[in-house]
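Chain by chain, the residues run as shown.
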Amino acid sequence: MLKYILRRLILSLPVLLGVSIVAFLVISLAPGDFLDTYRLSPSISKEQIDNLEKQFGLDKEPVVQYFIWLKNIVQGDWGYSFTYKVPVWNILFRRLEATLLLSITTFIFTWGIGIPLGIVSALKQYTFTDQALSVFGFIGISIPNFFFALLWLFMSASTGIFPIGGIISNNFDSLNWFQQMGDYFWHVIGPMVTLGTSGLAGTMRIMRGQLLDELNKDYVEFARAKGMPNRVVIYKHAMRNAINPVVTSLGFSISGLLGGAVLTERVFSWPGMGSLIIEALTQQDIFLVMANLMLSALLLVFGNLIADILLAAVDPRVRLRLS
């Protein structure tokens, strides 16, 4: 398994290099740069513009700029933000905390509820419970995130039960540690439910379909005919085969949670990385955009690696193939 992990990490290097080349090329093809707003200002002289171009390396060809950026990345320097006037990693680290809080809670909400509901729906096929969960699943899949977010904000403003935006309350500094943790959780409920409902519904429907397929196969009938307890047949044999497609989708879910929360973060004023990359693209802050994209690509690679390791843990055939 260790050799497989090392091989996957080595093979991910060309992927990350390709992502960086394409991303830098697309950003460089966009007209203008960060200094365009300075050029339009009559209070800034041409000499000052030239000095800024030299300082940020914007006077060089895009190919030269890319290799300078790549060299700095290898040395651990993620670049300097034109907009915030600080190193890029300082901004990413602050925004990453908020994004990870939202992503982890959404992941637990989606998988921790979706898989058990899918199992219940499959075991109670065609009953009222199954029909009610199916209706909930179709509603969750079909409703757009931004529309759900607006409905949640309307409910929060009308009832006052949940906050209507932000990550902390105004009196956050006066709270003790436990109250601060509760305040974080109170604020993350809205974005978490909005972002995770469609994923929860999708996970539930996939789990239901996969488990029903396995329960109708011959090996399940054979195990029951031998007198094996139904609980063992379902949870030890059918479940282990049914959960494979759900585990495979884990890798895409991790990267999707990071980059797919832009609209939700905007509606809830959540200070995460989704809103950060929109601001960076608007300001043509090239190093901040590149760092954001590379971090998303890294999470996609690690997400797929975690999914493969989990798949090997639940499926002996995968373990045998890897060995």
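Bear in mind that the values here come from a model prediction, so they are computed numbers and not experimental data.

> Even after reading the chapter, I still don't get the overall build of the chain, so can you show me in this structure?
Looking only at helices and strands, one finds 16 helices and zero strands in the chain. Expressed as lengths along the three principal axes of its C-alpha atoms, the size of the chain is roughly 85 × 55 × 40 Å. For the chain, the residues scored as buried account for 40% of the 323 residues in total. Pairs at least 24 residues apart make up 73% of the contacts formed inside the chain by residues separated by at least 6 positions. If you sum the accessible surface of the chain, you get close to 18100 Å²; carbon and sulfur atoms cover 68% of it. Looking at the chain, you have 24 positive and 21 negative side-chain charges, and the mean spots of the two groups are 13 Å apart.

> So what exactly am I meant to see when it comes to the side chain of Arg208 here?
With respect to the helices and strands, Arg208 occurs in helix H8 (residues 177-215). Of the polar contacts made by the side chain of Arg208, one reaches the side chain of Ser121; its length is 3.1 Å. With near-sequence residues (within four places) excluded, Arg208 lies in contact with Gly118, Ser121, Ala122, Gln125, Asp130 and Ser134.

> Please clarify how the packing of helix H1 (residues 2-29) against helix H15 (residues 286-314) should be interpreted in this entry.
Between two packed helices, what matters for the description is the angle formed by their axes and the separation of those axes. Remark: H1 packs on H15, axes separated minimally by 10 Å, with the N-to-C direction vectors making an angle of 150°. On the basis of the axis angle, H1 is roughly antiparallel to H15. Relative to H15, H1 is oriented so that their crossing is right-handed. Its residues assigned to classes, the contact of H1 with H15 shows 19 nonpolar, three polar and two charged.

> Looking at this model, I keep getting lost on a nonpolar patch on the surface. Mind explaining?
A surface patch of nonpolar side chains, amounting to about 480 Å² of accessible area, comprises Phe146, Phe147, Leu150, Leu151 and Leu263. Among the elements that line the nonpolar patch, the one with the most residues is helix H7 (residues 145-159), at four residues. Given the relative accessible area of 47%, Leu150 is considered partly exposed.

> Sorry, what's going on with the UniProt feature "transmembrane region" (unreviewed entry) in the chain here?
UniProt annotation of "transmembrane region" (unreviewed entry) refers to residues 9-30, 100-123, 135-164, 184-202, 242-263 and 286-314 when read in the numbering used here. Spanning residues 9-30, this segment combines 95% helix with 0% strand, and its end C-alpha atoms are found 32 Å apart. A helix fraction of 100% and a strand fraction of 0% characterise residues 100-123, whose end C-alpha atoms lie 34 Å from each other.

> Would you explain the environment of Pro271 in this entry?
As for its placement among the helices and strands, Pro271 is situated in the loop between helix H13 (262-267) and helix H14 (273-282). Separated by 105 residues in the primary sequence, Pro271 and Gly166 have C-alpha atoms spaced 7.4 Å apart.

> Help me understand the nonpolar core in this model?
Burial of nonpolar side chains together is a common tendency in soluble globular proteins. Core analysis: the biggest nonpolar cluster contains 28 residues, and Trp69, Phe82 and Leu92 have the highest contact counts within it. Of the residues forming this core, the biggest block, ten residues, is contributed by H15. Leaving out residues up to four positions away in the same chain, Phe82 has contacts with Phe34, Phe56, Leu58, Gln284, Asp285, Ile286 and Phe287. Grouped together as the second largest cluster of nonpolar side chains are 23 residues, Leu212, Met239, Val246 and Leu311 included.

> Looking at this model, I keep getting lost on H7. Mind explaining?
Because an α-helix completes one turn every 3.6 residues, residues spaced three or four positions apart along the sequence face the same direction. Taking 1.5 Å per residue as the helical rise, H7 with its 15 residues ought to reach 21 Å, and the 21 Å between its terminal C-alpha atoms agrees with that figure. Along H7, the residues classified as buried are Phe148, Ala149, Trp152, Leu153 and Ser156. End-on, the buried residues of H7 take up no more than an arc of 140°, which puts them together on one face. In H7, those exposed residues whose orientation departs by more than 90 degrees from the buried face are Phe154, Ala157 and Ser158. Looking at the packing, one finds that the buried side of H7 touches H8 and H13.

Thresholds, definitions, all that
Residues numbered from 1 in each chain as written. Predicted model: local features only at pLDDT ≥ 70, side-chain atom pairs only at ≥ 80, totals over all residues. Heavy atoms only, no water. Helix = DSSP H or I, 4+ residues; strand = E, 2+ residues; numbered from the N terminus. Buried < 20%, exposed > 50% of the residue type's maximum accessible area, 1.4 Å probe, protein only. Contact = heavy atoms within 4.5 Å. Areas by Shrake-Rupley, 256 points an atom, 1.4 Å probe, with all protein chains shown as cover. Lys, Arg positive; Asp, Glu negative; His and termini not counted. Charge placed at Lys NZ, Arg CZ, Asp CG, Glu CD. Polar contact = N/O pair within 3.5 Å; in protein donor to acceptor, adjacent residues only side chain to side chain. Axes fitted to C-alpha atoms, helices over the stretch in contact; angles between N-to-C directions. Parallel < 35°, antiparallel > 145°, perpendicular 65-115°, else oblique. Left-handed = near helix turned anticlockwise from the far one by under 90°. Nonpolar A, V, L, I, M, F, W, Y, C, P; charged D, E, K, R; others polar. Patch = residues over 30% accessible without salt bridge, like charges linked within 9 Å, V, L, I, M, F, W, Y side chains within 5 Å. Salt bridge = Lys/Arg side-chain N within 4 Å of Asp/Glu carboxyl O. UniProt positions renumbered as here; feature names shortened; annotations may be inferred. Core = buried A, V, L, I, M, F, W, Y, C linked by side-chain atoms within 4.5 Å. Expected span 1.5 Å × (residues − 1). Arc of directions from axis to C-beta.

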